[in-house]
Amino acid sequence: MASTRGLAQTRPIDWARANLFNSWWSTAVTLLLAWGIIRALWGFIGWAFVHAVYSVPHAADGAPDTAPCRAAQEVGACWAIVPEKYRFILFAFYPYDQQWRPALCVVLFVALYAVSANRRFWRRELGLIWIATLGVVALLMWGGVLGLPYVPQYQWGGLPLTLILATLGLAVAFPLAVLVALGRRSTAMPAVRLLCIVYVELIRGAPLIAWLFMATVLFPLFMPAGVDFDKLLAAQVAIILFAAAYLAEVVRAGLQALPKGQSEAADALGLRYWQKTRLIILPQALRLVIPPLVNTFIGFFKDTSLVLIVGIFDLLKAGTTAVADPPWQGFGNEVYLLLAVIYFAFCFAMSRYSQGLERELDRSRRH
Amino acid sequence: MPLSLRFAPGLFAGLLAGLLCAASGAAHAQATQQPTQQAAPAPAAGSPTLAAVRARGQLNCGVSGDVPGFSLPNSQGVMVGIDAEGCRALAAAVLGDANKVKFVPLNTQNRFTALQSGGIDVLIRETTWTLGREAALGLLFTGINFYDGTGFLVKKALNVTSAKQLDGATICVQPGTSTELAVADYFRSNNMKFTPIEIADLQQIQQAFLSGRCDVYSTDSSALATFRYTQGARAGDFILLPELISKEPLGPSVRKGDDKWFDIVRWVGFAQIDAEDHGVNQKNVDSHMNSQNPDVRRLLGVDGDLGKQLGLDPKWAYNMIKQVGNYADIWDRTMAPLGVPRGRNNLWSHGGLMYSPPLR
Amino acid sequence: MAQVDLSDPRFPGIHAGGAPRRHVRLSWSDPRLRNVIWQVLILGTVGFVVWYLVHNTSRNLEARHIAGGWGFLWQPASIPIGETPIAYTPSVSSYGRALAVGILNTLKVSAVGVLLATLLGTAVGIGRLSRNWLLSRITAVYVEGVRDIPLLLQLFFWYGIVQALPGPRQAFHPVAGVFLSNRGIKLPQLDWAQAHGLALAAFVFGLLATFAWSRWADRRQARTGRRPLTWPAALFFLLVLPIGVWAAFGAPFHLDLPALRGFNFQGGLTITPEYAALLIGLVVYTATYIAEIVRSGILAIPRGQWEAGGALGLSRGVILRRIVLPQSMRVIIPPMASQYLNLVKNSSLAVAIGYQDIVSIADTTLNQTGQAIEGVAIIMGVYLTFSLAISSFMNWYNKRMALRER
């Protein structure tokens, strides 16, 4: 690999011949792709930069006049919508003058992810860090103490809500998933095993939309009269139960992959079931499945966007609502692009991390 | 190691048991808090919904949250629109504070279940009053806050001047709405065919119409007028066909079985119209406090006990007008900027349909 | 390993006490008793929770004057549906029929989606391993980029793209009978005649016959070392026979060509924009996952296999097709099954862009009738059936492909 790169530095033509034009078939593919890329890039640059409208005039009462954007609608992007609407898209109904609080929460979440990703922090204290951070987030979001005005939960929205749904969902779903995975492999308790199998297969059998829908429509019916079952809570419970079923299968794969000798050795040491599970089995089994676990996390981060269907103002819903405002109707692509960049940033970071980790674990296993 | 931790499933059981205790505990707490909740069939005994709203200190109000003119957050995240103002007016009358509203955004598919399940106290979500909805869905409409009708918007380039020429057209409608039914009925009764395109998301449906995916955009004519108005210089490219194929009286609705609450929501609506009728608005309401007109004095709680009869503060209508305004105030803030003509929504004395029974 | 039962981890007490197992002592330290008690407790709790929820629900339904039951399935449904694989008239046909239309629409998009996603995903997965730098880069960017954006957002994007096509009067018209417009893709449709059905039957028969022929050739090759030619048989069975049957029945051939009449195209076969957008979105999204599965499946085959193939003088393509892919199928199939399931389940996002699948129609049904529980039960039932069908098929296929260890 290193030698190829060295060659590329000295003789680009040789590199190109080896990697782009090494046969007539390869040459055809290269030319076709190059043509496609250049055309697509050309069109995109024209739309996104050359013909784009970056700002629009405002009337005296602050009402924007989007006529310049409408004039350029077919050929150029209307980026003026971003400075006008980004705060609504990011924080939705959160009181305008208090929006530094959810912004700080987003920073806290990112910091929490960064800390959790670092293997130096993989110890018992990490759990405490998580609890502390979630506590601070709750404090910031709700307020009501330390001079922060109280902000009820129904005013939350946008990116912090997406992060809360994903983070809290996984934080609760993960321990549940471990229990379900252990339950599903339990031979001594056939009834519990059956219960876990039914739970996992039932949940995985239907799409998340159906569960979200069921949660928001049916949970209120399940509750005794007068109990106000919040829609966001219903969606969060649905996400937790849904994620737990998928994570349980990942964890189970790890448990299955662990050589039987580990369990037998632990028994030989006279460890009890729970000691054995906690000290021997789980640490190794979970280590085996970290990459698929991270991939499942990515999946659920994206899937939180489905709460849009039941009308919860997460990032995507806030974005679609922002373009329902009459002056800005029809400029959805600009907002969707912004949203895509945000989602991409989070997911790409996680997926890069997972790949790096996979390589690292592979290396350490081989040594 | 404690015994209970010896088995993973044991922990699982503990978790479930804990959840169960929490659930039944909450139910219990709720039941003791509101003993009237269980005694539903006695209408005179007071309103469980009112009691719940007061105990909560907040009105849970179902809105759409994405329809301009009715309820839509502005760039600061504040809900604006005639439905949103209806929620605020109700909160001002019931709780004395127009800001004590929790707006619950609902889509066309889950709005009724939210009301049935008690998730919201009142639904003010541009919902058409129909027999079917009252008879089958367990809800009651309290009045009409907007007279609307299903209309057709077409591109001028199609050279269509009447809905009768729409045979074979592709029509964009939102699923689960009464527009959907009205369009189907209209085409069937006129022996015409059409291809429906059903899109739930407003942004998507408008984009579909603008791009020409459908020839016709059909929804309430108010929404069509708004949509046309927002196109700015291009508004002239679209024409609203003269036919209104259905009556769409939009209004607030409540659950069946709480007559007192129904009365409150209904008369808060009428009071807005009555106030406009008597020229009492947000700006001059204080000066009307020493009005000699007995109707105005009763409305503002100076004389009589209208508030008490409803189970509200005597100043209920004053609070509402002071904090939110009468119907005209609300209209000028919400519909007028979108270019919707007052038309049938004008007062009966100005050639419209808005009419309030006397408040006495 | 005679003491295998004693080493069972869930019986720690036996290690310590070594008590005879036939004695059932009613004591907490007996692990089996403990297990039974725990299970009774857990099942009891779950049972109680279920009973409690059912009880609440029936009371709530009663309080809200909603009568349960399935009678609504036979009532006329006022749901206009744009895409109807079976005859359906709004306000005349029943809710049951509307739901059947929804199920068929879900099937229609899922089946084609699975097929196309597999093709695209396999191509991309192999492309990522290509020695052409540009191709491997582009496919990598595609996989990484598309995976990290929510499918719902992508569907919005695709729907916008499909709608940006010109209107019917300015439709793209690449070849006779094919129109591309924002009303969808219009294709000529063959007027179906009996001869076509018979020709199709002959083709299916030909397929089976070809398969049998090649099996026979395999056996003969194994016995004699010489393989009889297969292509003449394939040519005869797959081409000559069906065409002969078709010609024998009068060779009917009439195409129904789409033509612009009034507002829209009449005649021909239509692929609606909603269907196209959903299909493209699902295929493009799922293919990234399939590509990764295929790639890791190929990488799982030791390099030695490639080198051995090379030493035999086989070309890269032949090694890939005949040596590597057949082996990697064992690694590929299990995760592939779950991707297929994901595709079917993701097709429920149709509701956001106006393709009327089962979730969309069941939603409208339960909104119009108020039968929330029945509506949700229908959705669940349909997807659980799909899931069971796919996973049992893939299990069967996996078993067939599994390594036969000696």
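So, how was this worked out
Residues numbered from 1 in each chain as written. Chains lettered and ligands numbered in written order. Predicted model: local features only at pLDDT ≥ 70, side-chain atom pairs only at ≥ 80, totals over all residues. Helix = DSSP H or I, 4+ residues; strand = E, 2+ residues; numbered from the N terminus. Contact = placed C-beta atoms within 7 Å. Buried ≥ 20, exposed ≤ 12 C-beta atoms within 10 Å, placed from the backbone. Pairing = 2+ DSSP bridges. Axes fitted to C-alpha atoms, helices over the stretch in contact; angles between N-to-C directions. Left-handed = near helix turned anticlockwise from the far one by under 90°. Nonpolar A, V, L, I, M, F, W, Y, C, P; charged D, E, K, R; others polar. Expected span 1.5 Å × (residues − 1). pLDDT = per-residue confidence, 0-100.

**Student:** I would appreciate a short explanation of the overall build of chain A in the present structure.
**Tutor:** The secondary structure content of chain A amounts to 16 helices and zero strands. Here the C-alpha coordinates of chain A stretch approximately 75 × 70 × 40 Å along the principal axes. Partitioning the intrachain contacts of chain A with sequence separation of at least 6 by distance along the chain shows that 69% fall at a separation of at least 24.

**Student:** I'm lost on the overall build of chain C in this one. Help?
**Tutor:** Within chain C one finds 12 helices and seven strands. For chain C, with 406 residues in total, the buried portion stands at 35%. Across chain C, contacts joining residues at least 24 apart in sequence account for 64% of those joining residues at least 6 apart.

**Student:** For this particular structure, what's the right way to read the sheet that holds strand 12 (residues 238–240) of chain B?
**Tutor:** All names here are of chain B. Strand order across the open sheet formed by five strands is 10-9-11-8-12, with mixed pairing between neighbours. Sheet topology places strand 10 (194–198) and strand 12 at the edges, where each strand pairs with a single neighbour. On average, each strand axis in the sheet is inclined to that of its neighbour by 30°, with strand direction left out of account. Set on the sheet, helix 8 (residues 221–230) makes contact with strand 8 (150–155), strand 11 (216–220) and strand 12; between it and strand 11 the angle comes to about 125°.

**Student:** Would you explain the packing of helix 9 (residues 190–205) of chain A against helix 11 (residues 231–257) of chain A in this entry?
**Tutor:** Angle between the axes and distance between the axes: these two values describe a pair of packed helices. Residues and elements named next belong to chain A. Running from N to C, helix 9 and helix 11 point in directions that differ by 115°, and their axes come no closer than 9 Å. At the point where helix 9 passes helix 11, the crossing takes the left-handed sense. Taking contact as the criterion, the partners of Tyr199, Val200, Ile203 and Arg204 in helix 9 are, on helix 11, Leu241, Phe242, Ala245, Tyr246, Ala248 and Glu249. Split into classes, the residues belonging to the contact of helix 9 with helix 11 amount to eight nonpolar, no polar and two charged.

**Student:** Before we go on, may I ask you to explain the pairing of strand 11 of chain B in this structure?
**Tutor:** A regular strand places its side chains on the two faces of the sheet in alternate fashion. Residue and element names in this part refer to chain B. With five of its five residues buried, strand 11 lies for the most part within the structure. When strand 8 meets strand 11, the two strands line up antiparallel, connected through five bridges. Opposite Phe152, over in strand 11, you have Ser218 as the bridge partner. Looking at chain direction, strand 9 (residues 169–173) and strand 11 are connected through two bridges and run parallel. Among the inter-strand pairings, Cys172 is bridged to a residue of strand 11, identified as Tyr217.

**Student:** What exactly am I supposed to notice about the interface of chain C and chain A here?
**Tutor:** Bring the parts together and some accessible area is lost; that lost area is often taken as the interface size. Residue-level contacts link 47 residues of chain C with 50 residues of chain A. For the side of chain C that touches chain A, the element with the highest residue contribution is helix 2 (residues 31–63) of chain C, accounting for 12 residues.

**Student:** So what exactly am I meant to see when it comes to helix 12 (residues 316–323) of chain B here?
**Tutor:** Residues and elements named next belong to chain B. Among the eight residues of helix 12, six are classified as buried, and the element is accordingly described as predominantly covered. Of all the residues in helix 12, the buried ones are Trp316, Ala317, Tyr318, Asn319, Met320 and Ile321. Check the buried side of helix 12 and you find it contacts helix 3 (82–95), helix 9 (259–277), helix 10 (294–299) and helix 11 (306–310). In the segment just after helix 12, Gly325 is the residue with positive phi, at about 115°.

**Student:** I keep staring at helix 11 (residues 358–369) of chain C and nothing clicks. Help me out?
**Tutor:** Residue pairs three or four apart in sequence face the same way in an α-helix, which turns once every 3.6 residues. Residue and element names in this part refer to chain C. Between its terminal C-alpha atoms helix 11 stretches 16 Å, which fits the 16 Å expected from 12 residues at 1.5 Å a residue. By the criterion of burial, helix 11 is predominantly enclosed, with 11 of the 12 residues buried. Those residues of helix 11 lying buried are Ile358, Val359, Ser360, Ile361, Ala362, Asp363, Thr364, Thr365, Leu366, Asn367 and Gln368.

**Student:** Quick question: what am I supposed to make of the confidence of the model for chain C here?
**Tutor:** Interpreting fine coordinate detail is not advised for predicted regions of low pLDDT. All names here are of chain C. Chain-level statistics for chain C give a pLDDT mean of 80 and a share of 87% at 70 or above. Every residue in residues 1–20 is under pLDDT 50, and counting partners more than four places away or in other chains gives 20 contacts. Among the scores for the predicted complex, ipTM is 0.85 and pTM is 0.79.

**Student:** Whenever I open this one, the pairing of strand 1 (residues 59–63) of chain B confuses me. Can you help?
**Tutor:** Residues and elements named next belong to chain B. Burial runs high along strand 1: five of the five residues are buried. The side-chain alternation of strand 1 yields two buried faces, one formed by Leu59, Cys61 and Val63 and the other by Asn60 and Gly62. Pairing geometry for strand 1 and strand 4 (residues 101–105), over five bridges, is parallel. From the neighbouring strand, Asn60 faces strand 4, where its bridge partner is Lys102.

**Student:** Sorry, what's going on with the environment of Asn145 of chain B here?
**Tutor:** Residues and elements named next belong to chain B. Looking at the element boundaries, Asn145 is found in the loop between strand 6 (139–141) and strand 7 (146–148). Taking the C-beta count within 10 Å as the criterion, Asn145 has 24 such neighbours and is therefore assigned buried. A sequence separation of 29 residues divides Asn145 from Gln116, and the C-alpha atoms of the two residues are 21 Å apart.

**Student:** What is the right way to read unusual backbone geometry from this model?
**Tutor:** Only a minority of non-glycine residues have a phi that is not negative, and only a minority of peptide bonds are not trans. Residue and element names in this part refer to chain B. In the Ramachandran plot, Glu126 falls in the positive-phi region, its phi being about 30° despite a non-glycine side chain. Positionally, Glu126 belongs in the loop between strand 5 (122–123) and helix 5 (131–136). With phi around 60°, Asn159 is a residue other than glycine that occupies positive phi space. Note on placement: Asn159 falls in the loop between strand 8 and strand 9. Take Asn159: there are 9 C-beta atoms within 10 Å of it, and that puts it in the exposed class.

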